[in-house]
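Fold and contact review
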Amino acid sequence: PRTGEFTEGFRERGFLPEAFVNLLALLGWNDGTEQELFSLDELIGKFSIERIHRGGAKFDFEKAKWFNHEWIKRNSAEQLLPHVKSVLEEKDLSVDNDSLLKQVIDLVKERCSLLGDFYDQSSFFFRAPENIDADSVKPKWNDAKTAFFNEFVEKLNIQEDWSSENIEAGFKELTAAHAIKPGEVMLPFRIMLVGGKFGPAVFDIARMIGKEETIARIKKALSIFRS
C-alpha cells in the first residue's frame, strides 16, 4: 500500500491450483517412487510423515512450469475452458462459441506451459494476427510462390468439402503441379494464417478459421510479401 507496487502471485502468472499444490507437496516430501504427478486425493492417501525430507527444500521455477505444463495437458478442455476464457478476456478477446474454443484448447494445450500461453497459441483462431513475420519469408520469396498462392486461392474458392484432409490434399497437388517442394510454401502458409512460425497443424488451422478467413489472410499476406 505504501508504494503501490503490484507483485504477481503464481495464480496471476498462470499456474493451475492443482499443479501448484502438486509441486508444493513434492518440495519437501515424496512417496518413495518415481511418480511426480499427484492429485490432491492421491497426496492425501499416500502422505506419511516419515517421508518428509530432512534437508531444506529447493524451489526451481522451471520445474514448477513443468508441473503446470503437465497438468494443463492432463486437464480436459472442459476443465480448462473458464481459465482460457479469462486469459482471452484479459486481452480484450471475447469468445462466445464454447464448442469451438474447446476444440482449440485441445489443439494447443500441449504447447502451453502457463495459462497465459493460451493467448499466443490460440488468439489467431478468433482474429487475424496484427503483425506478420514477413522477414522470415521475404528473402526467399519469388514470383513462382506468388503464382502458387494465387492459384491456391482459386482452388480454395471452389472447394466444397472444407476438411483438413482436403485442404492438405489440394495444397500438395498444387505444389506438384508447380514443381515446388511442399516445405518451401508450408512455412509461408503458416505465417499467413497465424503471423509467425508456431501453432498446431496448419491445415487444421485453415479448417477451423473457415474458407473466407483463410483466403482473406492469404491475400493480405501476399500483398506484404510482394512489397
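As the structure is a prediction and not an experimental result, all values here were calculated from the model.

**Here's the deal with the overall build of the protein**
- Counting its regular elements, the protein contains 11 helices and 0 strands.
- Rg of the C-alpha trace for the protein: 23 Å, well past the compact-globule value of 17 Å for 227 residues, more than 25% over.
- A total accessible area of about 13100 Å² is found for the protein, and carbon and sulfur atoms account for 48% of it.
- For the protein, the distance from the average site of its 31 positive side-chain charges to the average site of its 38 negative ones is 4 Å.

**Some remarks on a nonpolar patch on the surface**
- On the surface, a nonpolar cluster with roughly 290 Å² of combined accessible area is contributed by Val21, Leu40 and Ile44.
- Following the sequence through the fold, Ile44 ends up in helix α2 (residues 40-46).

**What to know about the packing of helix α5 (residues 98-108) against helix α10 (residues 202-209)**
- With their axes 12 Å apart at the nearest point, α5 and α10 run at an angle of 170° to one another. Of the possible angle classes, the one that applies to α5 and α10 is roughly antiparallel. On α10, the residues touching Leu100, Gln103, Val104 and Leu107 of α5 are Asp204, Arg207 and Met208.
- For the contact of α5 with α10, the per-class residue count stands at 4 nonpolar, 1 polar and 2 charged.

**A look at the packing of aromatic side chains**
- For the structure shown, the criterion picks out 23 aromatic pairs.
- For the pair Phe15 and Phe20, a centre-to-centre distance of 6.1 Å together with 70° between the ring planes defines the contact as edge-to-face.
- Between Trp141 and Phe225, the ring centres sit 5.1 Å apart and the planes meet at 55°, which makes this aromatic pair tilted. On the criterion of sequence distance, the pair formed by Trp141 in the loop between α6 (117-122) and α7 (143-157) and Phe225 in helix α11 (residues 211-226) is long-range, its members being 84 residues apart.
- Note on Trp141: relative accessible area 14%, which makes it buried.
- On the accessibility criterion, Phe225 (3% relative accessible area) is buried.

**Quick notes on the pattern of salt bridges**
- Considering all chains together, one arrives at 12 salt bridges under this definition.
- Close ionic contact of Arg13 with Glu8 constitutes a salt bridge, the shortest N to O distance being 3.8 Å.
- Among the salt bridges present, the one from Glu78 reaches Lys102, with a minimum N-O distance of 2.7 Å. With Glu78 in helix α4 (residues 77-90) and Lys102 in helix α5, this pair connects stretches of sequence that are 24 residues apart.
- Residue classification places Lys102 among the partly exposed residues on the basis of a relative accessible area of 26%.

**Notes on helix α8 (residues 164-177)**
- Between its terminal C-alpha atoms α8 stretches 20 Å, which fits the 20 Å expected from 14 residues at 1.5 Å a residue.
- Ser164, Ile167, Gly170, Phe171, Leu174 and Thr175 are the residues of α8 that are buried. Buried residues in α8, looked at end-on, bunch into an arc of 140°, giving them a common side. More than 90 degrees from the buried face of α8, the exposed residues found are Glu165, Glu173, Ala176 and Ala177.

**Digging into the environment of Asp117**
- By secondary structure assignment, the location of Asp117 is in helix α6.
- Within the local environment of Asp117, its side chain forms a polar contact with the backbone nitrogen of Ser113, the two atoms lying 2.8 Å apart.

**Things to note about the environment of Ser39**
- Here Ser39 is to be found in the loop between α1 (17-25) and α2.
- Classification of Ser39 by relative accessible area gives partly exposed; the value is 24%.
- Placed 20 residues apart in sequence, Ser39 and Ala19 show a C-alpha to C-alpha distance of 8.6 Å.

**With respect to the environment of Thr175**
- Its place among the elements puts Thr175 in helix α8.
- For Thr175, a relative accessible area of 2% corresponds to the buried category.
- Each C-alpha atom, one on Thr175 and one on Tyr119, is 32 Å from the other, the two residues being 56 residues apart in sequence.
- Here Lys172 takes part through its backbone oxygen, which lies 2.7 Å from a polar atom of the side chain of Thr175.

What counts, and at which threshold
Residues numbered from 1 in each chain as written. Predicted model: local features only at pLDDT ≥ 70, side-chain atom pairs only at ≥ 80, totals over all residues. Heavy atoms only, no water. Helix = DSSP H or I, 4+ residues; strand = E, 2+ residues; numbered from the N terminus. Rg over C-alpha atoms; globule rule 2.2 N^0.38 Å. Areas by Shrake-Rupley, 256 points an atom, 1.4 Å probe, with all protein chains shown as cover. Lys, Arg positive; Asp, Glu negative; His and termini not counted. Charge placed at Lys NZ, Arg CZ, Asp CG, Glu CD. Patch = residues over 30% accessible without salt bridge, like charges linked within 9 Å, V, L, I, M, F, W, Y side chains within 5 Å. Salt bridge = Lys/Arg side-chain N within 4 Å of Asp/Glu carboxyl O. Axes fitted to C-alpha atoms, helices over the stretch in contact; angles between N-to-C directions. Parallel < 35°, antiparallel > 145°, perpendicular 65-115°, else oblique. Contact = heavy atoms within 4.5 Å. Nonpolar A, V, L, I, M, F, W, Y, C, P; charged D, E, K, R; others polar. Phe/Tyr/Trp six-rings, centres within 6.5 Å; stacked < 30°, edge-to-face > 60°. Buried < 20%, exposed > 50% of the residue type's maximum accessible area, 1.4 Å probe, protein only. Expected span 1.5 Å × (residues − 1). Arc of directions from axis to C-beta. Polar contact = N/O pair within 3.5 Å; in protein donor to acceptor, adjacent residues only side chain to side chain.

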